[in-house]
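# Architecture at a glance
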Amino acid sequence: MEKQIYQTYLDILHAELIPAMGCTEPIAIALTAAKAKEHMKGEVTSVSVCVSGNIIKNVKSVMVPNTKGLRGIEAAAAAGIVAGDPSRELEVLAGITEEEQSAVAEFLKNTEITVSEAVTDYILDIGITLKNSEHTVYARTAQHHTGLCLIEADGVKVFEKEIEQTVGDIDRSVLSIERILEFADTADLEDVRELLDRQIVCNTAIAEEGLTGKYGAAIGRTLLMSYGNTVHNRAKAWAAAGSDARMNGCELPVIINSGSGNQGMTASLPVIVYANDMCASRELLYRALLVSNLTTIHLKTGIGCLSAYCGAISAGCGAAAGIMYLYGGRFPEVSHTIVNALAINSGVVCDGAKASCAAKIASAVESGLLGMQMYMHGKEFYKGDGIVAAGVEDTIKNVGKLAQNGMAETDREIIRIMIKN
């Protein structure tokens, strides 16, 4: 692989596989609020939060970590203002004390917080204004969860940055399934070892917590109790259990993928489960995780970070690609696995972050594994079978068109329904 392309792949991985505590949309609100608070003089007496529809959708029903079970946009903003540590980025609410949790509740009770929907060209757009009788601070995050682009204090710009189209504005056009497999085969593992070890440790820990059954609808635990301990079922259950915990207030961090903890867990945990079951070497696990993570990023690049298209579907395809790699599959086998999986489950809608995400993750992993098993048994879908095109790259492009263009009105209708509920 060319040196420049190899470095770009490393840059993509290091930009995307980062830690986050809690669902990334409320955390992005908390981070923006905490950044604004750094520049505020005196106490905050009123807060205005203006966000894109997809932020409303993904924050409305999910718990904000370290807030004693609070949910929603107001809670996320209050937590960031009162107790957020902006230096910790997407772990901005980690380490909040019980005293600070009580202070967040008091702030919510005593402070006027208004929420409105932004008129914006960006799917992810967060604007937060803090005020008191003498001062005003405005902060804006756009396009991705850590994309702070503007801070104004009393009308003076104290920070401004051009809006990045992707995290770090790294060129994703170099991604292809063929190159991803080449990278996985040849990567110097010292370049990715720390990154992948962190993913294995963090995502396994939250899955284990989720399997206690204490969180949400306990989808992961239900799968194990209902369908047994086969590796196939464990792969679904562990990924779902991580989401059970994360969507419902667990304060453990996860390593995200494409801006999403659910996608980070879905792309990694099934691969880890299969590798452990096969007694695969650590090196093979690392290389399979490179396949799963990069495949997920490749699929999500054409879809966008937020959409009406459930991102877990892309991550389920990525996981299946990584598992096929564990079994020795390379370009023909991995490509057909991805195409089969996309043909089975594309079009599952994203109706926000909440407990049922865990069930959608289980469905996504199931589709990926079925797509893999189909090809192992000599079966596949062909060009003309719905959105399936001649080749994996054209099929991936079709999914991007489906998500960005075809489901745009679906996204707006979902947001309208959720706002009324």
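These lines cover the structure that appears in this document, whether it is placed above or below. (Residues numbered from 1 in each chain as written. Predicted model: local features only at pLDDT ≥ 70, side-chain atom pairs only at ≥ 80, totals over all residues. Heavy atoms only, no water.)

## Overview of helix 9 (residues 231–247)
- In this model, helix 9 (17 residues) spans 24 Å end to end at C-alpha, consistent with the 24 Å of a helix rising 1.5 Å per residue.
- Of the residues one or two after helix 9, glycine 249 is the one with positive phi, at around 100 degrees. (Helix = DSSP H or I, 4+ residues; strand = E, 2+ residues; numbered from the N terminus. Expected span 1.5 Å × (residues − 1).)

## With respect to the environment of isoleucine 27
- Considering the arrangement of structural elements, one finds isoleucine 27 in helix 2 (residues 24–37).
- Take isoleucine 27: its relative accessible area is 0%, and that puts it in the buried class.
- In sequence terms isoleucine 27 and valine 59 are 32 residues apart; their C-alpha atoms lie 9.1 Å from each other. (Buried < 20%, exposed > 50% of the residue type's maximum accessible area, 1.4 Å probe, protein only.)

## Section: the state of the cysteines
- In this structure the tally under the stated criterion is 0 disulfides.
- Cysteine cysteine 23 remains unbridged, with the sulfur of cysteine 357 as its closest cysteine sulfur at 7.5 Å.
- Here cysteine 310 stays unpaired: no disulfide links it, and the sulfur of cysteine 350, its closest cysteine neighbor, is 6.1 Å away.
- The exposure class assigned to cysteine 310 is buried, which follows from its relative accessible area of 8%. (Disulfide = S-S within 2.5 Å.)

## A few points about the nonpolar core
- Core analysis: the biggest nonpolar cluster contains 129 residues, and Ile29, Val47, Leu93, Phe183 and Leu294 have the highest contact counts within it.
- No other element matches helix 11 (residues 282–303), which puts 10 residues into this core.
- If we skip the residues at most four places from it in the chain, phenylalanine 183 touches Met1, Tyr6, Tyr9, Leu10, Leu13, Leu290 and Leu294. (Core = buried A, V, L, I, M, F, W, Y, C linked by side-chain atoms within 4.5 Å. Contact = heavy atoms within 4.5 Å.)

## Focus: helix 12 (residues 311–326)
- Between its first and last C-alpha, helix 12 extends 23 Å over 16 residues, near the 22 Å set by a 1.5 Å rise per residue.
- Burial analysis of helix 12 places 16 of its 16 residues in the buried class, the great majority of the element.
- Within two residues after helix 12, glycine 328 carries a phi angle of roughly 100 degrees, on the positive side.

## A closer look at the pairing of strand 2 (residues 46–51)
- By the bridge criterion, 6 bridges tie strand 2 to strand 3 (residues 112–117) in an arrangement that is parallel. Across the sheet, residue serine 48 finds its bridge partner in strand 3, namely threonine 114.
- Here strand 2 pairs with strand 4 (residues 125–131) via 6 bridges, running antiparallel. Bridged to valine 51 within strand 4 is isoleucine 126. (Pairing = 2+ DSSP bridges.)

## Quick notes on the side chain of aspartate 125
- When you line up the elements, aspartate 125 lands in strand 4.
- Looking at aspartate 125, the relative accessible area reads 5%, which means it is buried.
- Among the polar contacts made by the side chain of aspartate 125, one reaches the side chain of threonine 120 at a distance of 2.6 Å.
- Setting aside its immediate chain neighbours within four residues, aspartate 125 contacts Cys50, Val51, Ser52, Ile55, Thr120, Arg140, Thr141 and Ala142. (Polar contact = N/O pair within 3.5 Å; in protein donor to acceptor, adjacent residues only side chain to side chain.)

## Things to note about the sheet that holds strand 6 (residues 148–153)
- Across the sheet, which stays open at both edges, the 6 strands sit in the order 3-2-4-5-6-7 with mixed pairing between neighbours. Of all the strands in the sheet, just strand 3 and strand 7 (156–160) have a single pairing partner and so form its edges. Mean inter-strand twist for the sheet, computed between neighbouring axes without regard to direction, equals 15 degrees.
- Note that strand 4 and strand 5 (residues 136–142) share 7 bridges and pair antiparallel. (Axes fitted to C-alpha atoms, helices over the stretch in contact; angles between N-to-C directions.)

## Some details on the packing of aromatic side chains
- Summed over all chains, the structure comprises 3 aromatic pairs.
- With centroids separated by 5.3 Å and ring planes inclined at 40 degrees, the aromatic side chains of tyrosine 9 and phenylalanine 183 adopt a geometry described as tilted. Remark: phenylalanine 183 occurs in helix 6 (residues 177–186) and tyrosine 9 occurs in helix 1 (residues 3–16); sequence separation between them is 174 residues.
- Classification of tyrosine 9 as buried rests on a relative accessible area of 0%.
- Since its relative accessible area comes to 0%, phenylalanine 183 is described here as buried.
- Following the ring pairs from residue to residue traces out a cluster consisting of Tyr6, Tyr9 and Phe183. (Phe/Tyr/Trp six-rings, centres within 6.5 Å; stacked < 30°, edge-to-face > 60°.)

## Some thoughts on unusual backbone geometry
- At glutamine 143, a residue that is not glycine, the phi angle is positive and equals roughly 80 degrees.
- Structurally, glutamine 143 can be placed in the loop between strand 5 and strand 6.
- Non-glycine residue serine 258 carries a positive phi angle of around 55 degrees.
- Positionally, serine 258 belongs in the loop between strand 8 (254–255) and helix 10 (261–278).

## Some words on the pattern of salt bridges
- A complete count under the given rule lists 18 salt bridges for this structure.
- Two residues, aspartate 185 and arginine 330, come together in a salt bridge whose shortest N-O distance is 3.3 Å. Taken as a pair, aspartate 185 in helix 6 and arginine 330 in the loop between helix 12 and helix 13 (331–345) lie far apart in primary sequence, 145 residues in all.
- Taking the relative accessible area as the measure of exposure, aspartate 185 reaches 37% and is therefore partly exposed. (Salt bridge = Lys/Arg side-chain N within 4 Å of Asp/Glu carboxyl O.)

## Section: the packing of helix 6 against helix 13
- Here helix 6 crosses helix 13 at 130 degrees, and the two axes come no closer than 10 Å. Judged by the angle between their axes, helix 6 and helix 13 are oblique. The interaxial crossing formed by helix 6 with helix 13 has right-handed handedness. Residues Ile177, Glu178 and Leu181 of helix 6 pack against Phe331, Val334, Ser335 and Ile338 of helix 13.
- For the contact of helix 6 with helix 13, the class distribution of residues is 5 nonpolar, 1 polar and 1 charged. (Parallel < 35°, antiparallel > 145°, perpendicular 65-115°, else oblique. Left-handed = near helix turned anticlockwise from the far one by under 90°. Nonpolar A, V, L, I, M, F, W, Y, C, P; charged D, E, K, R; others polar.)

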